[in-house]
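Chain residues, written in single-letter form:
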Amino acid sequence: DCSGKSLLRAPSSLPSNITGLDLSFNSLVMPHHGTLLLHFPSLRSLNISSNALLTLGPAVFSNLRALRLLDLSSCSIAYLDTDAFKGLGNLHTLLLRNNNLQELEVPFFLPLKALFHLDLQHNALVAVDTLSLQLLEAVPQVRLEGNPWVCNCTAHPLQRWLQRRQALQVTCASPPRLQGQEVAALDSLDLGCQVKQRFPRGVSTVQQITVTHSNTTTPPSGKGGRSWPYLVGFLVAAIGISILIALAAKCKLFHKNFASYRHRPLPETSSIGGSPMEDGSGWDRGSSGQGDSESHHMPGPADLQAEDDDGFIEDNYIQPSEQLPEEEEREAHLSI
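Residues numbered from 1 in each chain as written. Predicted model: local features only at pLDDT ≥ 70, side-chain atom pairs only at ≥ 80, totals over all residues. Heavy atoms only, no water.

A. Local environment of the overall build of the protein. Across its full length, the protein holds nine helices and 12 strands. The proportion of buried residues among the 336 residues of the protein is 27%. Taking contacts inside the protein between residues at least 6 apart in sequence as the whole, the part at least 24 apart equals 53%. As displayed, the protein offers around 22200 Å² of accessible surface, 56% of which is attributable to carbon and sulfur atoms. (Helix = DSSP H or I, 4+ residues; strand = E, 2+ residues; numbered from the N terminus. Buried < 20%, exposed > 50% of the residue type's maximum accessible area, 1.4 Å probe, protein only. Contact = heavy atoms within 4.5 Å. Areas by Shrake-Rupley, 256 points an atom, 1.4 Å probe, with all protein chains shown as cover.)

Here you go:
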């Protein structure tokens, strides 16, 4: 017990095997670099409360790896270095009440793997960010009473966190309409996160839609600008598919499939005798010199009515050897 002795530093005559040390109500000077206490590997409890420490330097307790309880209450601490508690992996209880902490840095919690009880009562905390609350989920006991919490929409994560913990006596300091009310008992409307427009029964539907539209918050412009890459991608895909379809229309297989549906006109036949009635050039080749003056029998009305064929048959009835040379040349040209 070395409390209330106006000490600037720990006495050098202390035995190195002590497990508990009380240095409260002194005038200890915290080193800017290095550790506060040397050669105390067995120390499990350290009380340095009511010393005007103001700030804690990085790794100031790093040599006290067996420490389980650290009392820093009423030390006017306004700032915690992100590495202030480096090396305290076995710390169970950390008391920081009655200080001037205005915010909690996220890395401040990372070295405290075994922390069970954290006391942050009566500081100057007005808000806690979401990431710090997520890290505090691993600490079973957290005391936050007596801080001047601002109960606006930024306190919504804290309000939900307190509801899950069923924490009481954490009250609002502002705004004035919520002063003294418990944060956990509020909802999102009380915190101003959502504005719900209520309409009297006499208001028409058109007026309701107009008021609702005027109260709607305009979405951030940055999110809307992200849709243009999708539009460009859609246009490129559509153009690419159109090009593939056009190329497919030009391929050899496409033309062969269409060529199979072509029809050839049948040669005209006479209803009397069944002899072909070819055009002038064909008749000359088949008659072997007979003159053009030879008369031919013209089909009668009865014969014309009996013949209702349109003069076309499908390609399956035409032998490949009967195709004209001009047609073969056209097929070869299309295939090339």
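B. Local environment of the UniProt feature "transmembrane region" (unreviewed entry) in the protein. In this structure's numbering, the residues bearing the UniProt feature "transmembrane region" (unreviewed entry) are residues 228-249. Taken end to end, residues 228-249 is 100% helix and 0% strand, and its two terminal C-alpha atoms sit 32 Å from one another. (UniProt positions renumbered as here; feature names shortened; annotations may be inferred.)

C. Region of the structure containing a nonpolar patch on the surface. Together, I239, I243, L244 and L247 make up a nonpolar patch on the protein surface, roughly 430 Å² of accessible area in all. Note on placement: I243 falls in helix α5 (residues 228-250). The class for I243 is partly exposed, based on a relative accessible area of 48%. (Patch = residues over 30% accessible without salt bridge, like charges linked within 9 Å, V, L, I, M, F, W, Y side chains within 5 Å. Salt bridge = Lys/Arg side-chain N within 4 Å of Asp/Glu carboxyl O.)

D. Looking closely at the sheet that holds strand β4 (residues 69-71). Here we have six strands laid out as an open sheet, ordered β1-β2-β4-β6-β7-β8, and parallel in their pairing. Each having just a single partner strand, β1 (20-22) and β8 (141-143) make up the two edges of the open sheet. Each strand of the sheet is rotated relative to its neighbour by a mean of 0 degrees, with strand direction disregarded. Bridging between strand β6 (residues 93-95) and strand β7 (residues 117-119) involves three bridges; their strand directions are parallel. Its bridge partner lying in β7, T93 is registered against H117. (Pairing = 2+ DSSP bridges. Axes fitted to C-alpha atoms, helices over the stretch in contact; angles between N-to-C directions.)

E. Molecular detail of the nonpolar core. Core analysis: the largest hydrophobic core is formed by 58 residues, its most contacted members being L46, F61, L72, F85 and L94. Within the residue set of this core, elements represented by two or more residues are α1 (130-136) and α2 (156-165). Among residues more than four places away in sequence, those in contact with L72 are I48, L53, L56, F61, I77, F85, L94, L95, L96 and N99. (Core = buried A, V, L, I, M, F, W, Y, C linked by side-chain atoms within 4.5 Å.)

F. Inspection of the environment of V142 at higher detail. Structurally, V142 can be placed in strand β8. Counting along the chain gives 23 residues from V142 to R165, while the straight-line C-alpha distance between them is 9.4 Å. Excluding anything up to four places from it in sequence, V142 contacts L118, L136, W161 and R165.

G. Expanded view of the environment of A173. Counting through the fold element by element, A173 comes out in strand β10 (residues 172-174). Residues A173 and P148, spaced 25 residues apart in sequence, show a C-alpha to C-alpha distance of 4.9 Å. Not counting the four nearest positions on each side in its chain, A173 is found in contact with P148, W149 and Q179.

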